[in-house]
Amino acid sequence: MAGNDWINSYLEAILDVGPGLDDAKSSLLLRERGRFSPTRYFVEQVITGFDETDLHRSWVRAAATRSPQERNTRLENMCWRIWNLARQKKQLEGEEVQRIAKRRLERDRGRREAIADMSEDLSEGEKGDIVSDISAHGDSNRGRLPRISSVDAMETWASFQKGKKLYIVLISLHGLIRGENMELGRDSDTGGQVKYVVELARALGSMPGVYRVDLLTRQVSSPEVDWSYGEPTEMLTPTNSESFMEEMGESSGSYIIRIPFGPKDKYIQKELLWPYIAEFVDGALNHIIQMSKVLGEQIGGGHPVWPVAIHGHYADAGDAAALLSGSLNVPMLFTGHSLGRDKLEQLLKQSRMSRDEINTAYKIMRRIEAEELALDASEIVITSTRQEIEQQWRLYDGFDPILERKLRARIKRNVSCYGRFMPRMVIIPPGMEFHHIVPLDGDMDGEAEGNEDHPRSPDPPIWSEIMRFFTNPRKPMILALARPDPKKNITTLVKAFGECRPLRELANLTLIMGNRDGIDEMSSTSASVLLSILKLIDKYDLYGQVAYPKHHKQSDVPDIYRLAAKTKGVFINPAFIEPFGLTLIEAAAHGLPIVATKNGGPVDIHRVLDNGLLVDPHDQQSIADALLKLVADKQLWAKCRQNGLKNIHLFSWPEHCKTYLTKIASCKPRHPQWQRTDDGTENSDTDSPGDSLRDIQDISLNLKFSLDGDKNEEENAGDGRSKLENAVLTWSKGFVRDTRKAGLSEKSDQNTGKFPTLRRRKHLFVIAVDCDTNTDTLETAGKILEAFEKERTEGSVGFIFSTSMSISEVHSFLVLGGLSPSDFDAFICNSGSDLYYSSLNLEDSPFVLDLYYHSHIEYRWGGEGLRKSLVRSVASINEKNSENERIIVENEQVLTEYCYAFKIQKPGMVPPVKELRKLMRIHALRCHVIYCQNGTKLNVIPIMASRSQGLRYLYVRWGVDLSNVVVFVGESGDTDYEGLLGGVHKTVILKGVCANNQLHANRNYPLSDVVPSEGPNIIQVTEDFSSSDIRSSLENAGVLKG
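Cut-offs applied
Residues numbered from 1 in each chain as written. Predicted model: local features only at pLDDT ≥ 70, side-chain atom pairs only at ≥ 80, totals over all residues. Heavy atoms only, no water. Helix = DSSP H or I, 4+ residues; strand = E, 2+ residues; numbered from the N terminus. Buried < 20%, exposed > 50% of the residue type's maximum accessible area, 1.4 Å probe, protein only. Contact = heavy atoms within 4.5 Å. Areas by Shrake-Rupley, 256 points an atom, 1.4 Å probe, with all protein chains shown as cover. Phe/Tyr/Trp six-rings, centres within 6.5 Å; stacked < 30°, edge-to-face > 60°. Salt bridge = Lys/Arg side-chain N within 4 Å of Asp/Glu carboxyl O. Core = buried A, V, L, I, M, F, W, Y, C linked by side-chain atoms within 4.5 Å. Lys, Arg positive; Asp, Glu negative; His and termini not counted. Polar contact = N/O pair within 3.5 Å; in protein donor to acceptor, adjacent residues only side chain to side chain. Pairing = 2+ DSSP bridges. Axes fitted to C-alpha atoms, helices over the stretch in contact; angles between N-to-C directions. pLDDT = per-residue confidence, 0-100. Expected span 1.5 Å × (residues − 1). Parallel < 35°, antiparallel > 145°, perpendicular 65-115°, else oblique. Disulfide = S-S within 2.5 Å.

Asks: Help me understand the overall build of the protein, please; the structure alone is not making it clear to me.
Replies: Regarding its fold elements, the protein presents 36 helices and 28 strands. Looking at the protein as a whole, 59% of its 1042 residues are labelled buried. Partitioning the intrachain contacts of the protein with sequence separation of at least 6 by distance along the chain shows that 73% fall at a separation of at least 24. Total accessible area computed for the protein in this model is approximately 43600 Å², and 48% of it derives from carbon and sulfur atoms.

Asks: When you look at the packing of aromatic side chains in this model, what are you seeing that I'm missing?
Replies: In this description, a pair of aromatic rings is defined by centroid distance and the angle of the planes. Going through the model one piece at a time under the given rule, you end up with 19 aromatic pairs. Consider the rings of F827 and F847, whose centres lie 5.1 Å apart with planes at 80°: the pair is edge-to-face. Taken together, the residues F827 in strand β19 (residues 826-829) and F847 in strand β21 (residues 847-849) connect sequence positions 20 residues apart. When its relative accessible area of 0% is taken as the criterion, F827 is described as buried. Judged by relative accessible area, F847 falls into the buried class, the value being 2%. Ring centres of Y853 and Y953 lie 4.9 Å apart, and the angle between their planes is 65°; this geometry places the pair in the edge-to-face category.

Asks: What am I meant to see in unusual backbone geometry here?
Replies: Backbone geometry follows two general trends: most residues other than glycine have a negative phi, and most peptide bonds adopt the trans configuration. For N181, which is not a glycine, the phi torsion comes out positive at approximately 50°. Along the chain, N181 turns up in the loop between β1 (166-171) and α7 (192-205). One non-glycine residue with positive phi stands out, namely N830, at about 50°.

Asks: Is there a simple way to explain the environment of M422 in this structure?
Replies: Here M422 is to be found in the loop between α14 (401-412) and β8 (424-427). Residues M422 and R408, 14 residues apart in the sequence, show an inter-C-alpha distance of 8.2 Å. Dropping the residues within four chain positions of it, M422 is found in contact with G398, F399, D400, L403, E404, L407, R408, R860, A924 and R926.

Asks: Got a minute to help me understand helix α34 (residues 913-922) in this structure?
Replies: Owing to its 3.6 residues per turn, the α-helix brings residues three or four apart onto one side. Of all 10 residues in α34, seven are buried, a share of seventy percent or more. All of the buried residues along α34 are V913, L916, R917, K918, M920, R921 and I922. Once α34 finishes, A924 follows within two positions and takes phi at roughly 65°, a positive value.

Asks: Explain the pattern of salt bridges here, please?
Replies: Two side chains carrying opposite charge are able to pair once their charged atoms lie near each other. Summed over the entire model, instances satisfying the criterion amount to 40 salt bridges. E234 is the partner of R258 in a salt bridge, and the nearest nitrogen-oxygen pair spans 2.7 Å. Highlighted residues: R258 in strand β4 (residues 253-259) and E234 in strand β3 (residues 233-236), separated in sequence by 24 residues. The residue R947 makes a salt bridge to D974 at a minimum N-O spacing of 3.9 Å. Taken together, the positions of R947 in helix α35 (residues 947-958) and D974 in the loop between β26 (965-970) and β27 (986-990) put the pair 27 residues apart, joining distant regions of the chain. Both residues of the pair, R947 and D974, belong to the buried class. Look at the salt bridges and you will find they share partners, linking R178, E183, R186, D187 and D226 into a network.

Asks: I'm lost on the nonpolar core in this one. Help?
Replies: Soluble globular proteins tend to pack their nonpolar side chains together in the buried interior. In this structure, I171, F280, I310, L324, L328, W393 and L954 are the most contacted members of the largest nonpolar core, which totals 105 residues. Here I310 is in contact with V169, I171, I288, A321, L324, S325, L328, V330, P331, M332 and L333, once residues within four sequence places are set aside. If you look at the next biggest cluster of nonpolar residues, it comprises 74 residues, including I478, I512, L563 and F571.

Asks: When you look at the side chain of E388 in this model, what are you seeing that I'm missing?
Replies: With respect to the element layout, E388 can be found in helix α13 (residues 386-392). No salt bridge is formed by the buried E388; its nearest oppositely charged neighbour, R367, is found at 9.8 Å. Of note is the side chain of E388, whose polar atom sits 3.1 Å from the backbone nitrogen of S384. If sequence neighbours within four positions are ignored, E388 has contacts with H337, T383 and W393.

Asks: Any chance you could explain the environment of Q392 here in plain terms?
Replies: Within the secondary structure, Q392 is located in helix α13. C-alpha separation for the pair Q392 and P579, spaced 187 residues apart in sequence, amounts to 9.6 Å. Residues in contact with Q392, not counting those within four places in the same chain, are L339, D342 and Q387.

Asks: Can you help me understand the sheet that holds strand β24 (residues 927-932) in this one?
Replies: Consider a sheet: its strands pair through backbone hydrogen bonds, and that pairing is either parallel or antiparallel. As summarised here, the arrangement of the four strands in space is β22-β23-β25-β24, forming an open sheet in which the pairing is antiparallel. In this open sheet, the two edge strands, each paired with only one partner strand, are β22 (888-890) and β24. Recorded for the sheet is a direction-independent mean angle of 25° between the axes of neighbouring strands.

Asks: Help me understand the confidence of the model for the protein, please; the structure alone is not making it clear to me.
Replies: Low-pLDDT stretches of the model should not have their predicted coordinates read in fine detail. Of the residues in the protein, 77% have a pLDDT of 70 or more, and the chain-wide mean is 80. Note on residues 17-36: pLDDT under 50 across the span, and 20 contacts to partners over four residues away in sequence or across chains. Scored below 50 in pLDDT, residues 120-150 makes 74 contacts in the model with residues more than four places away or belonging to other chains.

Asks: What is the right way to look at the sheet that holds β4 in this model?
Replies: In space, the eight strands of this open sheet follow the order β3-β4-β2-β1-β5-β6-β7-β8, with mixed pairing throughout. A single partner strand is all that each edge strand has here, and the edge strands are β3 and β8. Looking at each pair of strands side by side, their axes are set apart by 25° on average, direction ignored. The pairing of β1 with strand β5 (residues 309-313) spans four bridges and is classified as parallel. If you follow I171 over to β5, its bridge partner there is G312.

Asks: How should I be thinking about helix α9 (residues 314-328) in this particular structure?
Replies: With 15 residues, α9 extends 21 Å from end C-alpha to end C-alpha; this agrees with the ideal 21 Å at 1.5 Å per step. Burial runs high along α9: 15 of the 15 residues are buried.

Asks: How should the pairing of strand β7 (residues 380-383) be read in this particular structure?
Replies: Note on strand geometry: in a regular strand, side chains alternate between the two faces of the sheet. The alternating pattern of β7 places I380 and I382 on one face and V381 and T383 on the opposite face, and all of these are buried. As paired elements, strand β6 (residues 332-335) and β7 share two bridges and run parallel to each other. Within β7, the position partnered with F334 by the bridge is V381. When β7 meets β8, the two strands line up parallel, connected through four bridges. Bridging from a neighbouring strand, T383 pairs with I427 of β8.

Asks: Honestly, the packing of helix α16 (residues 490-499) against helix α18 (residues 524-539) in this entry has me stumped. Any pointers?
Replies: Pairs of packed helices are described in terms of their axes, by the angle between the two and the distance that separates them. Where α16 meets α18, the closest approach of the two axes is 10 Å, and the angle between their N-to-C directions is 5°. As judged from the angle between their axes, α16 and α18 are roughly parallel. Every residue of α18 that contacts α16 at I490, T491, V494 and K495 is listed here: V529, S532, I533 and L536.

Asks: Just checking my understanding: could you explain the environment of K639 for this structure?
Replies: The residue K639 is located in helix α23 (residues 634-647) in this model. For K639, a relative accessible area of 52% gives the class exposed. It is 9.3 Å that separates the C-alpha atoms of K639 and D610, two residues lying 29 residues apart in sequence.

Asks: What is the right way to read the state of the cysteines from this model?
Replies: Two cysteines form a disulfide when their sulfur atoms are joined by a covalent bond. For the structure on display, the rule yields zero disulfides. Lacking any disulfide linkage, C994 is separated from the closest cysteine sulfur, that of C771, by 4.0 Å. Among the residues examined, C994 registers a relative accessible area of 12% and is labelled buried.

In structure tokens:
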């Protein structure tokens, strides 16, 4: 921003106008307002709030105008622009107050209803702290995280870890990530998060019990960035890990794995990555499966070694981690770093942009939905501070600290939560590597001269680069290290320094603001901040007292801290809000006292280290006083330095990783389950079942067990028998559930030899059109089948029917169209909650249910507790209808164990899907709510289930190559339509099909924020197409040969 300095000259100019604004010369609009005092209006409405670059530019033009009349006119126009801005600001503030009040009422009502559902009275255990697991750095030892405080304790813990060989996957998608010479500050996406995830991966790979760590990110092969970001694999060199690296294996260690997705030759900012998340998920899924097989050969006795956890960092990676976690059925962890709702709140408070403008600029609603999904899917959410939980995460529909406390207490007492779940919030402050840091005890005056035996080491080059700015480089250095971003509040720091004469006489100021070549090449926001700083330096005549070098390497940062400590300086972080403040820990490790914002993570850091002062970042005088106090009082400076060095070990990477691994160990193990070993444990093999008799028998045994009620059940399913039995539909009238007449017989077990043919298909074509009627669906499906009749006969092409219909409805659909179940290899039914295969025994049981798919998707499925809540919500919706007519009713004929179905009598009167998802999350019910068949049906399925996830399951279990899958969809579809468009598979959009679907009209964000509008994997077929048009489109795309 341009800053508010121009306000003074603007006010003076208005005062100078004087008679120029009399009634004779003023505009008609001003005369209509009666007596108008520009001076009073300007003071009351403008000085207190506005910092608009456009207004500043207008003022510059007005001030340069020589004609008094034109100058007066421009000033009047500016006054009216300011008045309009003030009116908009008040309107936005009023809307925000109403929105917050409405949200508070919704959450309170949802919490009351959820607690009412849980019938038992609260025990004393439920009346504890606001949030369980909030235990970092309290005032008492009991309130702190359990941390390792000695070498003996670490060795004890390490001996316990020996024998484990864990595989951990971390995901961080945006920015430029590499292990050495990180370009931190290059842009807003390459900052502290990049450094954190690289160091976390490196530290975890050096811990006992961890065999391999993969950090997945985006591969960038672009001429505008270094070639190293295009390398598919980079091994991270371990640090100080000699004692833990005795049993190194061929693939052990920490690696950066770069997955290609998005534009191939372009580096794009994180806001533009959203449409390509699904493509990343498919690429990452392929890497994890292949690596699991490799590790299985090395350390797993031939059985795949699946990740013990998948950890997403930031919203985009959280979205990807949720999909990967569901595809592989492994636990998920999430770290938000910075949160979308918090950013939205801050931007709305500034009142410079409307909600729509914020969403357009930052894709904020897409980001928030990704964070909500991460809450739905995560076992653990790792935070840095208490503030992050109490003030930021509580803004989300999916997390309520009060309800979380009650659920946690019930879990500890082994009392039912009625299908409700909350992720665990765990505070683990980021770590740091300290072994290479040796704090300096000397100062600029007491420099050791050195001798022949111990010559003095040369000063690092960055020292001279900084000190060349100073007239007196021996003065204590006030150091700030942050990119030029408005929220970092560097301009206030410069003002505080410039207006405090004693501080200027005692100290120098060093601003390390990333790297830059030219101001014109920086982003507009960064350039504006830097220009404001340069103007302030000129205004206060700070030349010779402020350093602002253009370039520095990541390896120079420790030397910069050392220089500040050598001069007995101070480190400052004046950000308006700091989620954690890793630089504060780095500074403390080098012996620097700190001055930090009182908003956010620095509060927790200061509570532990007690090595400085906290300030209000909005109070310029408070900042100057704190800096002056530390610089002038040498005893206080020495005490703060000593406190920081004494307590800094509490933030080391080994301790961080110990807590991290302990939390992972507390998660219930999950992994793909479809092959049993001799010891009864579940393992997976991507290639199984293959074509061997053993593989086919494995499937038959599974089906037989699921029907006969064998006691060989899954370890984590106490009611596994009933779940498995109820999942099988019978072929009686109406196809109602009846476990006594299961549709799968032992005869069908002998016909499972067809399953491997799914893997042998050269291409799989998925029919996923969501027409309003069966007739329209049959017409479209008939054209698709006809287009590839030759390949279908040859067996090179197989078909999958993906639909919101139940298997009974699918059967009726096939009969209506004269189709046979054998025309399809698989059926993804009930919006992705059930997966069937066609059987060779068409008379007795034409469909075979994949029961392992249910074990794959049942994570956090609320079951009967969810169903009761849904029925109650439906009753509430019906009661609101003034005509006393039921709008929505439960469809008991087609509901299954993993899909609760409802008929919608009046689609226009039900709340949009985003409101239903919000309602479920407020009630802590984790499920996937989908409107189907143009809003006439509602399916509620597990959060891990969807039609797109069903396709990924086929890849995980059967090895189906997703790049050889073609998905046929209409112009629109059910509310899960967007999930079918993205990924490495080809998507054929049939123009004119489902064109009038209105389900997507009321979205939080446009479809373009979810999937790319065009690309090599998107194929368009013109309206009024024929079967030959469909075939030609795939031939032109290179899918088929002509």
